Amino acid sequence: EAGVTQFPSHSVIEKGQTVTLRCDPISGHDNLYWYRRVMGKEIKFLLHFVKESKQDESGMPNNRFLAERTGGTYSTLKVQPAELEDSGVYFCASSQVLPGRKAKNIQYFGAGTRLSVL
Amino acid sequence: AQTVTQSQPEMSVQEAETVTLSCTYDTSESDYYLFWYKQPPSRQMILVIRQEAYKQQNATENRFSVNFQKAAKSFSLKISDSQLGDAAMYFCAYRSAGGDDKIIFGKGTRLHILP
């Protein structure tokens, strides 16, 4: 079974440009999450989709970030326009929706997209 | 708000030896989950081990075990018989048992395995 895949693995752009990151979750996983790790800091939650709906977007830093999950399958995260402080590693994770205690709902992560804004 | 602290940015261990990675956390909740994730260079981050706060018994997964001290809010990871493939960034993480699904991570500890 394929894991969570993210494209591209690395993106280098100039300040003011637009970048779109893509995440393909594990097949059948309705939950999809985006996280970000800025250099030297903690990995921080950005948002959570259940199917195509945004369940929680409390971690999105500002309106330059737009996440979509059309059809409830893959998701994209667009940064427009990119700023220097957006540099970091963007992780995507997915999980199933299982009944019972949440311990069963393990989040499976991708390898991340390293974004460098120059 | 919950926080997770990993005080060791980097550690090294000789192959076949045992190493312990430290983690402390802060929360006012009584029911939660704790995790250790591992990310080898340029590869997927994978779950190494998890602990449910209401379970007193420490979790173990083969060579990996935890020392969960709920009162002290401490959750250390012990790796026995270290192997070259254990070299990675290790993240300690917390998730509430209720409410939202977000995981709260520490800054990570980079583990080097010395041959």
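Residues numbered from 1 in each chain as written. Chains lettered and ligands numbered in written order. Predicted model: local features only at pLDDT ≥ 70, side-chain atom pairs only at ≥ 80, totals over all residues. Heavy atoms only, no water.

## Comments concerning the interface of chain B and chain A
The interface of chain B with chain A comprises 26 residues on the first partner and 25 residues on the second. Of the roughly 2200 Å² buried where chain B meets chain A, counting both sides, 49% is carbon and sulfur surface. Summed over the shared surface of chain B and chain A, the result is 1 salt bridge. The residue D56(A) makes a salt bridge to K102(B) at a minimum N-O spacing of 3.8 Å. Between the two partners, chain B and chain A, sit 8 residue pairs in polar contact (both at pLDDT 80 or more). If you list the elements that add at least two residues to the side of chain B that touches chain A, you get β5 (32-39), β6 (46-52) and β10 (88-96) of chain B. For the side of chain B that touches chain A, the leading source of residues is β10(B), giving 4 residues. Partitioned by chemical class, the residues of the side of chain B that touches chain A number 10 nonpolar, 7 polar and 9 charged. (Contact = heavy atoms within 4.5 Å. Buried area = accessible area lost by both parts, 1.4 Å probe. Salt bridge = Lys/Arg side-chain N within 4 Å of Asp/Glu carboxyl O. Polar contact = N/O pair within 3.5 Å; in protein donor to acceptor, adjacent residues only side chain to side chain. Helix = DSSP H or I, 4+ residues; strand = E, 2+ residues; numbered from the N terminus. Nonpolar A, V, L, I, M, F, W, Y, C, P; charged D, E, K, R; others polar.)

## As for the nonpolar core
In this structure, L21(B), Y25(B), W36(B), F75(B), L77(B), Y90(B) and L111(B) are the most contacted members of the largest nonpolar core, which totals 27 residues. Going through the elements one at a time, β2 (10-14), β3 (19-21), β5, β6, β8 (64-69), β9 (74-79), β10 and β12 (109-114) of chain B are the ones with two or more residues in this core. V19(A), C23(A), L47(A) and L77(A) belong to the second-largest nonpolar core, a separate cluster that totals 21 residues. (Core = buried A, V, L, I, M, F, W, Y, C linked by side-chain atoms within 4.5 Å. Buried < 20%, exposed > 50% of the residue type's maximum accessible area, 1.4 Å probe, protein only.)

## Let's talk about the state of the cysteines
Where two cysteines share a covalent bond between their sulfur atoms, that bond is called a disulfide. Using the criterion set out here, one finds 2 disulfides over all chains in the structure. Note on cysteine connectivity: C23(A) is disulfide-linked to C92(A), with sulfurs 1.8 Å apart. Between C23(A) and C92(A) the disulfide shows an S-S torsion of about -65 degrees. By sign, it is left-handed. You can see C23(A) sitting in strand β3 (residues 19-24) and its partner C92(A) sitting in strand β9 (residues 88-95), a full 69 residues away along the chain. Each member of the pair, C23(A) as well as C92(A), carries the same accessibility label: buried. Disulfide pairing is shown between C23(B) and C92(B); the S-S distance is 2.0 Å. Judged by the torsion about the S-S bond (-70 degrees), the C23(B)/C92(B) disulfide is left-handed. One end of the pair, C23(B), is in the loop between β3 and β4 (24-26); the other, C92(B), is in strand β10, with 69 residues separating them in the sequence. Relative accessible area serves as the criterion here: at 0%, C92(B) is assigned to the buried category. (Disulfide = S-S within 2.5 Å.)

## Comments concerning the pattern of salt bridges
All names here are of chain A. A complete count under the given rule lists 8 salt bridges over all chains for this structure. The residue R22 makes a salt bridge to D24 at a minimum N-O spacing of 2.7 Å. According to the relative accessible area criterion, R22 is partly exposed, its value standing at 31%. Classification of D24 as buried rests on a relative accessible area of 18%. Overlapping salt bridges bring together R36, R64 and D86 as one network.

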